[in-house]
Amino acid sequence: MDSSTIRYILILILVMFLHPISSLNYPQQLVDELYPELESNGSESRSIPVRNLNPLAPALFVIGDSSVDCGTNNFLGTFARADRLPYGRDFDTHRPTGRFCNGRIPVDYLALHLGLPFVPSYLGETGSVEDMVQGVNYASAGAGIIFSSGSELGQHISLTQQIQQVMDTSQQFILSMGEDAAYDLISNSIFYISIGSNDYIHYYLRNVSSVQSLYLPWSFNQFLSQTMKQEIKNLYNTNVRNVVVMGLAPIGCAPYYLWMYQSKNGECIETINDMILEFNFAMRFIIEELNHELPEANVIFCDAFEGSMDIIKNHNRYGFSVTTDACCGFGKYKGWIMCISPDMACGNASSHIWWDQFHPTDTVNEILADNVWSGVHTSMCYPTNLQDLLAKKGKR
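**A word on the pattern of salt bridges**
Then, number 1: Applying the stated rule across the entire model yields nine salt bridges.
Then, number 2: A salt bridge links R89 to D90; its shortest N-O distance comes to 3.3 Å.
Then, number 3: Judged by its relative accessible area of 35%, D90 falls in the partly exposed class.
Then, number 4: Residue D92 is joined to R104 by a salt bridge in which the shortest nitrogen-to-oxygen separation is 2.7 Å. Pair noted here: D92 is in the loop between β1 (60–64) and α3 (106–114) and R104 is in the loop between β1 and α3, with a separation of 12 residues, a long-range link.

**Quick word on the state of the cysteines**
What we call a disulfide is simply a covalent bond connecting the sulfur atoms of a pair of cysteines.
Then, number 1: Summed over the entire model, instances satisfying the criterion amount to four disulfides.
Then, number 2: Between the sulfur atoms of C253 and its disulfide mate C268 the distance is 2.0 Å. A torsion of 110° about the S-S bond marks the disulfide between C253 and C268 as right-handed. Here C268 lies in the loop between α10 (255–260) and α11 (270–293) and C253 lies in the loop between β3 (242–246) and α10, a separation of 15 residues in the sequence.

**Here's the deal with a nonpolar patch on the surface**
Then, number 1: The grouping of L214, Y215 and F223 at the surface amounts to a nonpolar patch, some 300 Å² of accessible area in total.
Then, number 2: In this fold, Y215 is placed in the loop between α8 (211–214) and α9 (217–236).
Then, number 3: Assessed through its relative accessible area of 31%, Y215 is described here as partly exposed.

**A word on the pairing of β3**
Two faces make up the sheet, and in a regular strand the side chains alternate between them.
Then, number 1: When you tally the buried positions in β3, you get five out of five residues, the bulk of the element.
Then, number 2: Here β3 shows no split at all, with N242, V244 and M246 on one side and V243 and V245 on the other all buried.
Then, number 3: Both strand β2 (residues 190–194) and β3 contribute to a ladder of four bridges, which runs parallel. Bridge pairing in β3 links Y192 to V244.
Then, number 4: As judged from the five bridges shared by β3 and strand β4 (residues 298–302), these two strands associate in the parallel manner. Bridging across to β4, V245 finds its partner in F301.

**With respect to the packing of helix α5 (residues 159–177) against helix α6 (residues 179–188)**
The description of two helices packed together rests on the angle between their axes and the distance between the axes.
Then, number 1: Their axes nearest at 7 Å, the elements α5 and α6 cross at an angle of 140°. Of the possible angle classes, the one that applies to α5 and α6 is oblique. The element α5 and its partner α6 pack so that their crossing is right-handed. Within the contact between the two elements, α5 uses S170, F173, I174 and M177 and α6 uses E179, A181, A182, L185 and I186.
Then, number 2: Class assignment of the residues belonging to the contact of α5 with α6 gives a composition of seven nonpolar, one polar and one charged.

Each value, and the rule that gives it
Residues numbered from 1 in each chain as written. Predicted model: local features only at pLDDT ≥ 70, side-chain atom pairs only at ≥ 80, totals over all residues. Heavy atoms only, no water. Salt bridge = Lys/Arg side-chain N within 4 Å of Asp/Glu carboxyl O. Buried < 20%, exposed > 50% of the residue type's maximum accessible area, 1.4 Å probe, protein only. Helix = DSSP H or I, 4+ residues; strand = E, 2+ residues; numbered from the N terminus. Disulfide = S-S within 2.5 Å. Patch = residues over 30% accessible without salt bridge, like charges linked within 9 Å, V, L, I, M, F, W, Y side chains within 5 Å. Areas by Shrake-Rupley, 256 points an atom, 1.4 Å probe, with all protein chains shown as cover. Pairing = 2+ DSSP bridges. Axes fitted to C-alpha atoms, helices over the stretch in contact; angles between N-to-C directions. Parallel < 35°, antiparallel > 145°, perpendicular 65-115°, else oblique. Left-handed = near helix turned anticlockwise from the far one by under 90°. Contact = heavy atoms within 4.5 Å. Nonpolar A, V, L, I, M, F, W, Y, C, P; charged D, E, K, R; others polar.

See the structure below:
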């Protein structure tokens, strides 16, 4: 371990023992002083990618957690931040933007498929309609379906709060362009939801408030899925019609849990993955219910577990040579200490499935996004993929 990595670990230890309020600010200043080369840039240009004059949908709106956060947490007091290198090193700008990845996140690739620019963070915009008319990203790292999930990390925007932000945005559209135009925009846009992992990582598996004695895994999954159903109905009441709901990825295979459970030979932690499978099963059933209950609703469930396990099992076909160790981290499987130093990162992230303790590399994100779009690698979306959904809508 070199001196640079040791200093980062010492900083992390210092953070853990600081006063809860000051710890959200002072360590950032300390890192700035020690490592001025790690420049932060929470903004990005809407010109990446170039706008398409004929997009396949008027806008893309994103709700979720760190799997799709593009910079929301840059504006919050939280440990869950990705505004420092090596995060973003392989992004278009080669700078950290707040994405928990070495490069692009899934919704960036979906925006390309739709012919839309990368969706900006809601908190990073001025609030003008012009900034939001082609989409907004409300996602916040640490957020969960349960309001308090991830609260030990600091501030975040919960699922319920993100839904409220959608409603606020809708009201702004109505005031600016009128009810009919606002309805057309919202009802024809794509809403992408990716949330739920933190309800396990930061709530159930940590046994917060003795939740495991109150809920067996199946009951907990039912609670989460029924809550999701109501939130999707709330979106529907705001004139949202086209929704992509991402199932949860196999977090039992994440480097953090391989390290914590002392996995032998990198085998996934089945007790955790079984919970994820149950949640995804419940959500797929609920999506079927919603499509029957809500007139003109087009809700798709995309099973990230199924798509991710296909990548893990067939990693050679996809070009991955490292399936268990994170590209960036420290300890066995690089799962003990989070990615806080460029020196911790591997040279070639595209050979790894995992970027850090919990998040995949942008190569994995691209594969999963392509599956959401057209099922090109494996069919993981039900009852249809996004491309076919848009094609059917166009024929009406």
